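Chain and residue survey
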Amino acid sequence: MASRSQIRKYIAYWFQLGKKVLISNGQEAIRPQVVISGDRYSQEFEECWQQILSFESGDCYLEGTNQTIQELLSPEWDISSCARCAMPIPSHVKGMPPECCPCFDLPNWPDTETPLPREPICSKSHLLGICKRLLSINQKENIDTHDRNSENEEFKVS
């Protein structure tokens, strides 16, 4: 069963590739211009997400798919990765996989030359992780250098 956060991520990734969500039984299409703002989803994305979840919006589904968001929230569906492009796609928990990925109508996709859609990240945490890895590498190199110097001094003494 797909969690609400998995479906939210699924929608956010496809928004980043230009897909829209059709609401009001397909009568209106929505897509935020900005999906990620710093370390969180943008306010515009959050408003679209709330509109998608709203009962007044009727059936809502991602452009190029047949499953409504309400169906995806049921225990019958899960979110997995497309074998072709690795983007999140809905799949039946039991039964046949989806007929196609929503990427079927995106020209030049998958494109390994451009950044892939992503979730928001906390830059501070990400940079601290990089710093820690660099420091541990530096410390390891210092220990290795110290060990080599010690070995060389032992050979000189002998």
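Structural notes, computed from the coordinates. Here the structure is a predicted model, which means the values were calculated and not measured. (Residues numbered from 1 in each chain as written. Predicted model: local features only at pLDDT ≥ 70, side-chain atom pairs only at ≥ 80, totals over all residues. Heavy atoms only, no water.)

To continue, consider the nonpolar core. If you look at the biggest cluster of nonpolar residues, it comprises 33 residues, and the most contacted ones within it are Ile7, Ile11, Trp14, Val21 and Ile52. Every element with two or more residues in this core is listed here: α1 (4-16), β1 (21-23), α2 (43-53), α3 (69-72) and β6 (77-81). Among the elements that take part in this core, α1 stands out by supplying seven residues, more than any other. If near-sequence neighbours (up to four positions away) are discounted, Val21 is found in contact with Ile11, Phe15, Glu28, Ala29, Ile30, Ile52, Cys60, Tyr61 and Leu62. (Core = buried A, V, L, I, M, F, W, Y, C linked by side-chain atoms within 4.5 Å. Buried < 20%, exposed > 50% of the residue type's maximum accessible area, 1.4 Å probe, protein only. Helix = DSSP H or I, 4+ residues; strand = E, 2+ residues; numbered from the N terminus. Contact = heavy atoms within 4.5 Å.)

Attention shifts here to the pattern of salt bridges. Pairing of side chains with opposite charge becomes possible as their charged atoms draw close. Across all of its chains, the model carries two salt bridges by this definition. Put simply, Glu46 and Arg8 hold a salt bridge, and the shortest N to O gap is 2.2 Å. Here the residue Glu46 occupies a position in helix α2, and Arg8 occupies one in helix α1, the gap between them amounting to 38 residues. The exposure class of Glu46 is partly exposed, given its relative accessible area of 22%. (Salt bridge = Lys/Arg side-chain N within 4 Å of Asp/Glu carboxyl O.)

Remember that the coordinates give geometry; whether it matters functionally is a separate question.
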